[in-house]
Protein chains: 2
Amino acid sequence: MENHNKHGGYIGDGNIIDYSVNINPFGISPRLKENIIKKLNSLDSYPEINGDSTKEKLSEYLSIDKENTIIGNGATELIYLFIRAMNFKEIAILEPTFTEYERAAVLNQIKVVKLLDYDEIFKADSIDCLFICNPNNPTGKLLSEIELESILKNAKQKDQIVFIDESFIEFSDGRTAKDYIEEYNLFILRSITKIYGVPGLRVGFGIGSKEIIKKMDRIKEPWSINSLALDALELYLIDEDYKKKTLEWYKREKRRMYLLLKSIEELEVFDSEANFFMIKMNISDGNELKKYCLDRGIYIRVCEDFYSLDKSYIRIAIRLEHENDIIVELIREFFKSLNE
Amino acid sequence: MENHNKHGGYIGDGNIIDYSVNINPFGISPRLKENIIKKLNSLDSYPEINGDSTKEKLSEYLSIDKENTIIGNGATELIYLFIRAMNFKEIAILEPTFTEYERAAVLNQIKVVKLLDYDEIFKADSIDCLFICNPNNPTGKLLSEIELESILKNAKQKDQIVFIDESFIEFSDGRTAKDYIEEYNLFILRSITKIYGVPGLRVGFGIGSKEIIKKMDRIKEPWSINSLALDALELYLIDEDYKKKTLEWYKREKRRMYLLLKSIEELEVFDSEANFFMIKMNISDGNELKKYCLDRGIYIRVCEDFYSLDKSYIRIAIRLEHENDIIVELIREFFKSLNE
């Protein structure tokens, strides 16, 4: 069976270790699993229309007003909803990045300007909104707080809105932009999928200026978030121990994997503030490596569909220690095989 | 806590028997529950982007082409998606009916004409699409096959599209309109939520002419249906025994409950081809009865927000035998209390 899930990971037969999705390799949190089983009977009721009770707990957790929050059927619903609600004419996207912002804009006949450099942001005068992903997918790059503040100030001066996708912020040393929502016209996208290991459940949330959330709420479709997803979000808010342990583990393993990858001289490994690495291959290309790996039960992501990148770039997730040893060894063998 | 779920049923404290939602009173199917528990670990993968594998099985089950099907995050996603995809200028809705068609149209600046009578359908020449619910919510009325065919023929002549919500068709003696999708420009909405007892899971599907499905697919948001919902739909397709038993039980209990309600002289009970009854109260009103019932642990639906209905109309679902005995008795007592 062909993989036909675009970039939602490997789908097909066989026992494949999937490095193309950036999901907690320990799988679904045991406490969440227990919680879902306990709550199964509640599936016989409709979920709350907009997840209001969960929103209350979320806003308390974030120390913001409930009117600054919105919950989505995955982060994806919120990207499309934001785009449709805001009636933009022209937006800019800091590239290379996640491709759904552009797809959502194009579907809504919005002009898209692609920026390749931080400095270009300050010259984009005609846009209504700037899209950034922080830390960025697939580069793993985090904006400094000074950079972020400059971006927000510049946008405010020009009456522009800023959309920040913080799906990977927990894996970084960076600070969320949530404290800026009062002062700036801002929407922040957050995910619990990656850390909780449940992309199949579909849940994400947004933090934003009240006026933006209000516009989104006005056209939001009712009952879009399933009951188990709402429950998962509520558990996420109180499961500090799990988050702490997971993130500490990630930090250690990221460092270890970085050094392992760095030691392969055919690779240029980029610093990452997320739970994956972007890598440039100095010889051969990603599609060759992908084929080599897939034949051996490993699935990786080639970055050729990201704007400004090409098939020499790959992205691989951080997985369990012994799995990471396997992929590093495999890459070594791949390069060795080229010389044979 | 106030009930703030609009018409997604009762939400609040206390042990309430909810007659306001039309969901299988036996709760979640035991086999489905088992299946969900078995599949929990698969939540660590993204669902298929548009549920392609499930769509294949669905189309096989329905004996139609895969290109005639679409799966949604609940039927709700498909209502909104249909409206957004089709670019209508003006639609007509056969009222009184489910209120989301109108909300979706209004949000998209589409002019809405409200029809109150079958005959009016044939005079609506300026519309692009007709919305009907069959059997209808909240009236429980089913169109005859002759009526349905006349509607479809009329629409074809006038180059109009017909949207048929068949969420309750399985509870009726009527036939689905799915065999008309080749000949007419048609979209049919289906639900598995009611019979499977899982409105919390969010899953529905659509059957339609290929051109319509294509337009919907073009703007459909990716990964909108969660993995457990896709699994549930697949199970639904093979779970013939459960469906048969459930529907047979419903038929018997519907007949029994109808006669019980009929015997209360202050009520006018409408024939129903769904799993609920619309009832007109000849004295007092629905809000009075609702309050009386809620004080005694029973929640009913007053129909005053349905176009052309008022607070003298209520809708109550068919629930378990002993529960139905309770509500019938309660209604009797309510009318008795008025005379005291």
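Criteria and cut-off values
- Residues numbered from 1 in each chain as written.
- Chains lettered and ligands numbered in written order.
- Predicted model: local features only at pLDDT ≥ 70, side-chain atom pairs only at ≥ 80, totals over all residues.
- Heavy atoms only, no water.
- Phe/Tyr/Trp six-rings, centres within 6.5 Å; stacked < 30°, edge-to-face > 60°.
- Helix = DSSP H or I, 4+ residues; strand = E, 2+ residues; numbered from the N terminus.
- Buried < 20%, exposed > 50% of the residue type's maximum accessible area, 1.4 Å probe, protein only.
- Lys NZ or Arg CZ within 6 Å of the ring centre and 35° of its normal.
- Contact = heavy atoms within 4.5 Å.
- Buried area = accessible area lost by both parts, 1.4 Å probe.
- Salt bridge = Lys/Arg side-chain N within 4 Å of Asp/Glu carboxyl O.
- Polar contact = N/O pair within 3.5 Å; in protein donor to acceptor, adjacent residues only side chain to side chain.
- Pairing = 2+ DSSP bridges.
- Axes fitted to C-alpha atoms, helices over the stretch in contact; angles between N-to-C directions.

Participant: Just give me the short version of the packing of aromatic side chains, but keep the residues and values in it.
Facilitator: Residues and elements named next belong to chain A. Here the structure, examined in full by the defined rule, presents 44 aromatic pairs over all chains. Ring centres 5.9 Å apart and planes at 55° place the aromatic pair Tyr46 and Trp223 in the tilted group. Linking Tyr46 in the loop between helix 1 (30–39) and helix 2 (52–62) with Trp223 in the loop between helix 7 (210–219) and helix 8 (227–238), this pair joins segments that are 177 residues apart in sequence. Among the residues examined, Trp223 registers a relative accessible area of 6% and is labelled buried. Three or more aromatic residues joined by ring pairs form one cluster here, namely Phe82, Phe88, Phe98, Tyr101, Phe131, Phe163 and Phe187. Lying across the ring of Phe276, Arg315 places its NZ or CZ 5.6 Å from the centre.

Participant: So, the interface of chain B and chain A: which residues are in play, and what are the values?
Facilitator: Bring the parts together and some accessible area is lost; that lost area is often taken as the interface size. Facing the 53 residues of chain B at the interface are 53 residues of chain A. Both faces combined, the contact of chain B with chain A buries some 4,300 Å², and carbon together with sulfur accounts for 59% of it. A per-residue breakdown of the area chain B buries against chain A is headed by Leu43(B), Tyr46(B) and Trp223(B), which together make up 16% of the total. For the interface between chain B and chain A, the tally reads two salt bridges. The salt bridge involving Glu221(A) is made with Arg84(B); its shortest N-O contact spans 3.4 Å. Remark: the boundary between chain B and chain A carries 18 residue pairs in polar contact (both at pLDDT 80 or more). Looking at the side of chain B that touches chain A, the elements with two or more residues in it are helix 1 (30–39), helix 2 (52–62), helix 3 (74–86), helix 4 (100–107), helix 6 (193–196), helix 7 (210–219) and helix 8 (227–238) of chain B. Per element, the largest residue contribution to the side of chain B that touches chain A is four residues, and it comes from helix 3 of chain B.

Participant: Talk me through the pattern of salt bridges; I want residue IDs and the actual numbers.
Facilitator: Across all of its chains, the model carries 54 salt bridges over all chains by this definition. As a salt-bridge pair, Asp305(A) and Arg301(A) come within 2.8 Å of each other at their nearest N and O atoms. For Glu77(B), the salt bridge goes to Lys220(B), with nearest N and O atoms at 3.2 Å. One end of the pair, Glu77(B), is in helix 3; the other, Lys220(B), is in the loop between helix 7 and helix 8, with 143 residues separating them in the sequence. As far as the burial class goes, Glu77(B) and Lys220(B) line up, both buried. Among the charged side chains, a network of salt bridges with common partners joins Glu145(A), Arg175(A), Lys178(A) and Asp179(A).

Participant: I'd like to hear about the environment of Met278(A), residue by residue, with values.
Facilitator: Residue and element names in this part refer to chain A. Here Met278 shows up in strand 10 (residues 276–281). C-alpha separation for the pair Met278 and Val302, spaced 24 residues apart in sequence, amounts to 9.6 Å. Residue contacts for Met278: discarding those within four places in its chain leaves Pro138, Thr139, Glu268, Val269, Phe270, Leu309, Tyr313, Ile314 and Arg315.

Participant: Kindly report on the sheet that holds strand 6 (residues 161–165) of chain A, identifying the contributing residues and their values.
Facilitator: Residues and elements named next belong to chain A. The seven strands are arranged 2-8-7-6-5-3-4 in an open sheet whose pairing can be described as mixed. Each edge of the open sheet is held by one strand with a lone partner, namely strand 2 (69–72) and strand 4 (111–115). For this sheet the average axis-to-axis angle between neighbouring strands, irrespective of direction, equals 20°. Strand direction decides the pairing type here: strand 3 (residues 90–94) and strand 4, joined by five bridges, are parallel. Across the sheet, Ile93 pairs through a bridge with Lys114, a residue of strand 4.

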